[in-house]
Amino acid sequence: MEHEYRENLVVYGKKLLETGLVQGTYGNLSVRQDERSMLVTPSGLDYAGLQPKDMVKVNLETLVWEGSLRPTSEKGLHGEIYRVRRDVGAVIHTHSKYCAIFAAARKDVPIEDVKVQEIFGKTVKLAAYALPGTEELWTHTLEALGENNGCIMASHGMLCVGKTLKDAFENCCMLEEYCGRYIESRWEAGGLNGII
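Fair warning: this is a prediction, and the values are worked out from it, not measured in the lab.

How each quantity is defined
- Residues numbered from 1 in each chain as written.
- Predicted model: local features only at pLDDT ≥ 70, side-chain atom pairs only at ≥ 80, totals over all residues.
- Heavy atoms only, no water.
- Helix = DSSP H or I, 4+ residues; strand = E, 2+ residues; numbered from the N terminus.
- Rg over C-alpha atoms; globule rule 2.2 N^0.38 Å.
- Buried < 20%, exposed > 50% of the residue type's maximum accessible area, 1.4 Å probe, protein only.
- Contact = heavy atoms within 4.5 Å.
- Core = buried A, V, L, I, M, F, W, Y, C linked by side-chain atoms within 4.5 Å.
- Pairing = 2+ DSSP bridges.
- Axes fitted to C-alpha atoms, helices over the stretch in contact; angles between N-to-C directions.
- Salt bridge = Lys/Arg side-chain N within 4 Å of Asp/Glu carboxyl O.

(A) A look at the overall build of the protein. Across its full length, the protein carries 6 helices and 9 strands. For a compact globule of 196 residues, the expected C-alpha radius of gyration is about 16 Å, and the protein comes in at 16 Å, within 12% of that figure. Taking all 196 residues of the protein together, the buried fraction comes to 48%. For the protein, contacts bridging at least 24 residues in sequence account for 61% of all contacts bridging at least 6.

(B) Inspection of the nonpolar core at higher detail. Of all hydrophobic cores here, the largest spans 36 residues; its most connected members are Leu29, Ile92, Val109, Ile152, Leu165 and Leu175. Residue contributions to this core peak at 9 residues, all from helix α6 (residues 165-188). Excluding residues that lie within four positions of it along the chain, Val109 makes contacts with Phe102, Lys122, Thr123, Val124, Ile152, Tyr178 and Cys179. Membership of the second largest hydrophobic core comes to 22 residues, among which are Val40, Val58, Ala130 and Cys151.

(C) Region of the structure containing the sheet that holds strand β2 (residues 37-40). Taken in spatial order, the 7 strands line up as β3-β2-β1-β4-β9-β8-β7 in an open sheet, and their pairing is mixed. The open sheet has two free edges, formed respectively by β3 (56-59) and β7 (126-127), since each of these has just one partner strand. Strand direction decides the pairing type here: strand β1 (residues 28-32) and strand β4 (residues 90-94), joined by 4 bridges, are antiparallel. Bridge assignment links Leu29 to a residue of β4, and that residue is Ile92. Running over the sheet, helix α2 (residues 75-84) touches β1, β2, β4, β8 (150-153) and β9 (157-162) and is turned about 35° from β1.

(D) Examining the pattern of salt bridges more closely. For the structure shown, the criterion picks out 11 salt bridges. Of the charged contacts in the structure, one is a salt bridge between Glu80 and Arg83, with a shortest N-O distance of 2.5 Å. Of this pair, Glu80 and Arg83 both sit in helix α2, 3 residues apart, which is roughly one turn of the helix. Taking the relative accessible area as the measure of exposure, Glu80 reaches 23% and is therefore partly exposed. Among the residues examined, Arg83 registers a relative accessible area of 24% and is labelled partly exposed. Notably, a salt bridge pairs Glu170 with Lys166, separated by 2.8 Å at the nearest N-O pair. A residue pair is termed a helical-turn pair when its members lie 3 or 4 positions apart in one helix, as Glu170 and Lys166 do in helix α6 at 4 residues.

Below, the structure is given as structure tokens:
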């Protein structure tokens, strides 16, 4: 099972790159392996060259990792989500274009599409700003995420969760596509004033 998780992290890391949800080495993915551990993407390696052996096994409680590769600097955030949200099996954090506009503007995303509301409710909340890799960031992100499947991280990007990596990836795609449609529709209606 562990090898399958490792292979899926490689597959979805490359999918994030192909769909433009991440660039270079930015963003991170993880899966809950069991009650005590998670597998996360390594720090500083390009998704295009990732291999299953590169995924880093991290203890959920201590954040101690196995092997020579360092895990993502956001391992603590991923671990905190797994500890708080027992329903979550995968976490993806991206710096995608349209969600990043909301992140830069430090605004919630109002969800007006009924189908998108089925996944995210009527609002995708903004997590207050904190430095990457800090416990303050974990706290703000968990507060904004709540029981939702996604949130925006102020001046940082977006984060989506799911029962599986496929679910988390599809949620990322849905949120990015929705944010793009929302911004473009308001631009066509009269410019950026009042969009966000």
